[in-house]
Amino acid sequence: MRRIRVGQVGAGWFGGIHFEAWARVPQAELVCICDQDAGALASIGRAKPQDAFHRDAATPSGSHRVDLPAYTSLTEMLDAHPLDVLDIVVTEPAHHVVAKQAIERGLDVIIEKPFVLEEADARELAALAADRGCNIYVGHVLRFDARHRTLHDRLRGSGKPLLHMSFQRHFQRSAHAVYGRISPFLAALIHDIDLAIWLSGRRVERALAVTHGWLPGSGADVAVGILEWEGGLRAVLQNTWHLPSSCPFGFELEARVIAEDLTLTIRNEPDLHVWDGEGVTSPELFFWPLVGGARQGAVVAELSHFIECCGARVPSPVAPVQEMVHGIEVASALIRSSRTGAWEPVSRSVAR
């Protein structure tokens, strides 16, 4: 298969992880990178940024491509380089405008979660991509995590009817200064909304939510949601940003799926404990770990899958764009419910 020409926009913390992960995708050639912050461009790939959730002293091996053409203007970059796909790792409010600019040029796009912030924007991009013959690949990394993939396959293989789902996702308080810039239903809980859609294989009908802000100036740092499907299936979602800094893993999650005569549970518990003079830490070993100085884990599997799909000019069978649009529709219903205090119907796309 020919090598797929990738341009990346976004050189922040997670942009750095993508940058390092591209070195592990042999079918891809990262040919250029863009960020409005020239300082971020100058440092990407040269030293690992501090992980957002735990202390990790590991650094890349130095084999990463740090001498790429770099731009502070996306238009200039797209004008200068023929690309197959644009990898979008910018802040959430910019997802829509950046993706639209790329799709209008006929490019496939990889967009980090959340897809966009408004359901109308999600539908617009999906329709535009279909019209231009492009594909949208949204980075819901849990669909590529071995634990969640195994749970999904085991549930589907059992043929057992789903009875209930519950999801918890909690983070250190310090991380809320960054991730609290958008609704918790679009920040942390979009993962669990996506899991619920993926595992059920059906549209969510309505949603109920409550939120509260305990931190000064915080919009919401505690969020609870309930999703309901036709027939009575429900999923409960919980998210807080109040774990202490002493938490060795920095965040915790639990997914529990209850079917008829079958219960499946994932807990994100540390597998490696590091005890040193600074306390106890536990490096993350599933999503985007550094092993031997190189990125591994679900993010590499995700990008490899998207590049394979891009090369074949096909949508992703693992993360279909219709389900990504529906995830934003569900998040929007939860946000509306958190304001009205009532069950809110989940909007239906014009075409599905």
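Use the structure listed above.
J.: Could you clarify how one ought to interpret the pattern of salt bridges in this entry?
T.: Throughout the structure, instances matching the rule amount to 20 salt bridges. Of the charged contacts in the structure, one is a salt bridge between Arg 123 and Glu 119, with a shortest N-O distance of 3.1 Å. Of this pair, Arg 123 and Glu 119 both sit in helix H5 (residues 119–132), four residues apart, roughly one helical turn. Arg 123 is the salt-bridge partner of Glu 329, the closest N and O atoms lying 3.3 Å from each other.

J.: Would you take a moment to explain helix H10 (residues 321–340) for this structure?
T.: Structurally, the α-helix is built with 3.6 residues per turn, so residues lying three or four positions apart point the same way. Along its 20 residues, H10 runs 29 Å from first to last C-alpha, staying within 8% of the 28 Å computed at 1.5 Å per residue. Taken from the residues just after H10, Gly 341 is the one with a positive phi, measuring 75°.

J.: Help me understand the nonpolar core, please; the structure alone is not making it clear to me.
T.: Proteins that are soluble and globular tend to have nonpolar side chains buried together. Within the largest apolar cluster, 112 residues are counted, with the highest numbers of intra-cluster contacts made by Leu 86, Phe 115, Ile 136, Met 165 and Leu 227. The leading source of residues in this core is H10, at nine residues. For Phe 115, the residues in contact, after removing those within four places along its chain, are His 95, Ala 122, Leu 125, Ile 136, Val 138, Met 324, Val 325 and Ile 328.

J.: How should I be thinking about the packing of helix H8 (residues 190–200) against H10 in this particular structure?
T.: For any two helices packed against each other, the geometry comes down to the angle between their axes and how far apart the axes lie. Direction vectors running N to C along H8 and H10 enclose 125°, while the axes themselves pass 9 Å from each other. The orientation of H8 relative to H10 falls into the category oblique. In the packing of H8 onto H10, the handedness of the crossing is right-handed. Taking contact as the criterion, the partners of Ile 190, Ile 193, Asp 194, Ile 197 and Trp 198 in H8 are, on H10, Glu 323, Met 324, His 326, Gly 327, Ile 328, Val 330, Ala 331 and Leu 334.

J.: Honestly, unusual backbone geometry in this entry has me stumped. Any pointers?
T.: Keep in mind that most residues, glycine aside, have a negative phi and that most peptide bonds are trans. Cis peptide bonds are those with omega within 30 degrees of zero, and the linkage from Lys 113 to Pro 114 qualifies with -10°. Mapped onto the elements of the fold, Pro 114 is located in the loop between strand S5 (108–112) and H5. One non-glycine residue, Asp 261, lies in the positive phi region at around 60°. Structurally, Asp 261 is set in the loop between strand S11 (251–259) and strand S12 (262–267). Residue classification places Asp 261 among the exposed residues on the basis of a relative accessible area of 72%. With a phi close to 60°, Arg 313 is a non-glycine residue in the positive phi region. Turning to its location among the elements, Arg 313 is positioned in the loop between helix H9 (298–312) and H10. The partly exposed category is assigned to Arg 313, whose relative accessible area is 43%.

J.: Help me understand the sheet that holds strand S4 (residues 85–88), please; the structure alone is not making it clear to me.
T.: Think of a sheet as strands paired side by side through backbone hydrogen bonds, with each pair either parallel or antiparallel. Read from one edge of the open sheet, six strands run S3-S2-S1-S4-S5-S6, paired in parallel fashion. Single-partner strands in this sheet number two, and they are strand S3 (70–71) and strand S6 (136–139). With two bridges joining them, strand S2 (residues 28–34) and S3 adopt parallel strand pairing. Bridging across to S3, Cys 34 finds its partner in Tyr 71. Helix H4 (residues 95–104) rests against strand S1 (4–9), S4, S5 and S6 of the sheet, and its axis sits at about 165° to S5.

J.: How do you make sense of empty space enclosed by the protein when you look at a structure like this?
T.: Applying the stated criterion to the full structure yields two cavities of 30 Å³ or more. Reported here for the second largest cavity is a volume of approximately 30 Å³. Residue lining of the second largest cavity: His 148, Leu 151, Phe 167, Leu 195, Trp 198, Leu 199 and Ala 255, and that is the complete set. Secondary structure elements with two or more residues in the lining of the second largest cavity: helix H6 (146–158) and H8.

J.: What is the right way to read the layout of surface pockets from this model?
T.: Empty space among the atoms becomes visible once a probe the size of a water molecule is rolled across them. Each pocket or cavity is described by its volume, and for the largest pocket that value is around 1,000 Å³. Lining the largest pocket are 43 residues, with Phe 14, Val 89, Val 90, Glu 92 and Arg 181 sitting closest to its centre. Elements that contribute at least two residues to the lining of the largest pocket include exactly helix H1 (13–22), H4, strand S7 (162–172) and helix H7 (176–179). Considering each element in turn, the lining of the largest pocket owes the most residues, four residues, to H4. A per-class count over the lining of the largest pocket returns 26 nonpolar, eleven polar and six charged.

Rules and cut-offs
- Throughout this document, residue positions are counted from 1 along each chain, in the order its sequence is written.
- Totals for whole chains, interfaces and linings use all residues, but because this is a predicted model, local features are given only for residues with pLDDT of at least 70 and pairs of side-chain atoms are given and counted only at 80 or more.
- Here the side-chain values reflect all heavy atoms present in the structure, with hydrogen atoms and water set aside.
- The salt bridge definition used is simple: a Lys or Arg side-chain nitrogen within 4 Å of an Asp or Glu carboxyl oxygen.
- A run of H or I in DSSP becomes a helix once it reaches four residues, and a run of E becomes a strand once it reaches two; helices and strands are each numbered from the N terminus.
- For a helix, the expected span equals 1.5 Å multiplied by the residue count minus one.
- The criterion is simple. A nonpolar core is a set of buried Ala, Val, Leu, Ile, Met, Phe, Trp, Tyr and Cys residues joined through side-chain atoms within 4.5 Å.
- Classification of residues uses two cut-offs on accessible area relative to the type maximum, computed with a 1.4 Å probe and protein chains only: under 20% is buried, over 50% is exposed, and between them is partly exposed.
- We call two residues in contact whenever any of their non-hydrogen atoms come within 4.5 Å of each other.
- With axes taken as lines fitted to C-alpha atoms, and helix axes fitted only over the stretch in contact, angles between N-to-C directions fall between 0 and 180 degrees.
- We call two directions roughly parallel when the angle between them is under 35 degrees, roughly antiparallel when it is over 145, roughly perpendicular when it lies between 65 and 115, and oblique otherwise.
- Crossing chirality is assigned from the near helix's rotation relative to the far helix, an anticlockwise turn below a right angle marking it left-handed and a clockwise turn marking it right-handed.
- For two strands to pair, DSSP has to find at least two bridges joining them.
- Definitions used throughout: a 1 Å grid over protein atoms alone; a cavity as a set of points that fits a 1.4 Å probe which cannot get out; a pocket as an open set with protein on both sides within 12 Å along at least five of seven lines; a lining residue as one with an atom within 4 Å of a point.
- Grid points are joined across faces, edges and corners, and a volume is the space filled by probe spheres set on the points.
- Residues are grouped as follows: Ala, Val, Leu, Ile, Met, Phe, Trp, Tyr, Cys and Pro are nonpolar; Asp, Glu, Lys and Arg are charged; every other residue, Gly included, is polar.

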